[in-house]
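# Chains, contacts and geometry: an overview
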Amino acid sequence: MVAWLQRLVLPPVVMAVCAAGMTATRWLAEEGWQDNRVMLWTAGALAVASVLIMFSASYAFHRAGTTLHPQKFQRVSALLVNGVFRFSRNPVYLGQVLLLAAWGLLLGGIGVWLWWGLFFAYLDRVQIPREETFLRANFGQDYDVFCRRVRRWL
C-alpha cells in the first residue's frame, strides 16, 4: 500500500468517515435527533464504556513500553495479555465500535447502521487480520495460546 494512503487508512480516520456518513445519512433522511430517553441513556453508557476500555488499553500499551499505533508493527515490543486484554484481543477497536454504536443510537434511524457495519467489517476483515499476521509471526506460540484463550472481540 502507498505510504500516504496507509497513513489515511488508520482506524480512527475510518471511524471518523463512518461517523460523518452516519450523520449525513441521518440528515438526508430529514429526521430529528433521537429523543427516546432509553436510547439516550444507552448511548451514554456505551460511550462511557468505550472510553474506559480504550483508555485502559492505551495505558497498558504505555505501561508495557510498546506502540499503540496500528501501522507501526515494527515497534511492537510486547504481547499484552493482562488487564482489559484478558477479555478482548482488540480492546481499542472494541471501544471504537462501541463509540460508533453510541453515535448510531443517538442519531437513530436504520440507515446509520450501514456505516457502523462498514466500520466493523473494515476492522474485522482488513485491519485486525494484518495485525494478527504480524503478531503471530513475532510472538509465535505465545500469541496462539493467547488467541485460544481470548476472543477477538469479546
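Higher on the page you've got the structure.
Summary of the structure given here. (Residues numbered from 1 in each chain as written. Predicted model: local features only at pLDDT ≥ 70, side-chain atom pairs only at ≥ 80, totals over all residues. Heavy atoms only, no water.)

Turning to the environment of Ser77, a few remarks are in order. The topology assignment puts Ser77 in the loop between α3 (37-64) and α4 (91-107). Taking the C-alpha atoms as reference points, Ser77 and Phe61, separated by 16 residues in sequence, lie 9.8 Å from one another. Ignoring sequence-local partners within four residues, the contact set of Ser77 consists of Ala64, Gly65, Thr66 and Phe139. A distance of 3.4 Å separates a polar atom in the side chain of Ser77 from the backbone oxygen of Gly65. (Helix = DSSP H or I, 4+ residues; strand = E, 2+ residues; numbered from the N terminus. Contact = heavy atoms within 4.5 Å. Polar contact = N/O pair within 3.5 Å; in protein donor to acceptor, adjacent residues only side chain to side chain.)

Glancing now at the packing of aromatic side chains. Each pair of aromatic rings is reported with the distance of its centres and the angle of its planes. Scanning all chains against the criterion turns up five aromatic pairs. Put simply, the rings of Trp113, Trp116, Phe120 and Trp153 touch in pairs and so form one group of aromatic residues. (Phe/Tyr/Trp six-rings, centres within 6.5 Å; stacked < 30°, edge-to-face > 60°.)

All right, on to the nonpolar core then. Ranked by size, the top nonpolar core spans 32 residues in total, and within it Val14, Phe85, Leu100, Phe119, Leu123 and Trp153 carry the most contacts. Of all the secondary-structure elements, those providing two or more residues to this core are α2 (11-28), α3, α4 and α5 (112-149). Per-element accounting of this core gives the leading share, ten residues, to α5. (Core = buried A, V, L, I, M, F, W, Y, C linked by side-chain atoms within 4.5 Å. Buried < 20%, exposed > 50% of the residue type's maximum accessible area, 1.4 Å probe, protein only.)

The next thing to look at is α2. Across its 18 residues, α2 extends 25 Å between first and last C-alpha, which sits within 8% of the 26 Å expected from 1.5 Å per residue. Among the residues of α2, Pro11, Val14, Met15, Cys18, Ala19, Gly21, Met22 and Arg26 are the ones counted as buried. Down the axis of α2, the buried set is contained in an arc of 160°. They therefore lie on one face. Exposed residues pointing more than 90 degrees away from the buried face of α2 are listed as Trp27 and Leu28. Here the buried face of α2 lies against α4 and α5. Downstream of α2 by one or two residues, Glu30 has phi in the positive range, about 55°. (Expected span 1.5 Å × (residues − 1). Arc of directions from axis to C-beta.)

Moving on, we get to the packing of α2 against α5. At their nearest, the axes of α2 and α5 sit 7 Å apart, and the two run at 165° to each other. Taken together, the axes of α2 and α5 are roughly antiparallel relative to one another. The two elements α2 and α5 meet at a crossing, and its hand is right-handed. Where α2 abuts α5, its residues Pro11, Val14, Met15, Val17, Cys18, Gly21, Met22, Thr25 and Arg26 lie against Val112, Trp115, Trp116, Phe119, Tyr122, Leu123 and Gln127. Of the residues in the contact of α2 with α5, the class split is twelve nonpolar, three polar and one charged. (Axes fitted to C-alpha atoms, helices over the stretch in contact; angles between N-to-C directions. Parallel < 35°, antiparallel > 145°, perpendicular 65-115°, else oblique. Left-handed = near helix turned anticlockwise from the far one by under 90°. Nonpolar A, V, L, I, M, F, W, Y, C, P; charged D, E, K, R; others polar.)

Let us now look at the environment of Phe85. Inspection of the secondary structure assignment puts Phe85 in the loop between α3 and α4. The exposure class assigned to Phe85 is buried, which follows from its relative accessible area of 4%. Separated by 32 residues in the primary sequence, Phe85 and Ile53 have C-alpha atoms spaced 9.8 Å apart.

Another aspect to go through is the packing of α4 against α5. For the pair α4 and α5, interaxial distance at closest approach is 10 Å and the crossing angle is 175°. It follows that α4 is roughly antiparallel to α5 by the angle criterion. Each of Tyr93, Gln96, Val97, Leu100, Ala101, Gly104, Leu105 and Leu107 in α4 lies in contact with α5, whose residues at this interface are Val112, Trp113, Trp116, Phe119, Phe120, Leu123, Gln127, Ile128 and Glu131. Of the residues in the contact of α4 with α5, the class split is 13 nonpolar, three polar and one charged.

Assignment of secondary structure puts Arg89 in the loop between α3 and α4. Judged by its relative accessible area of 15%, Arg89 falls in the buried class. In contact with Arg89, not counting residues within four places along its chain, are Glu132, Tyr143, Phe146, Cys147, Val150, Arg151 and Arg152. Here the side chain of Arg89 touches Glu132 through a polar contact of 2.9 Å, side chain to side chain.

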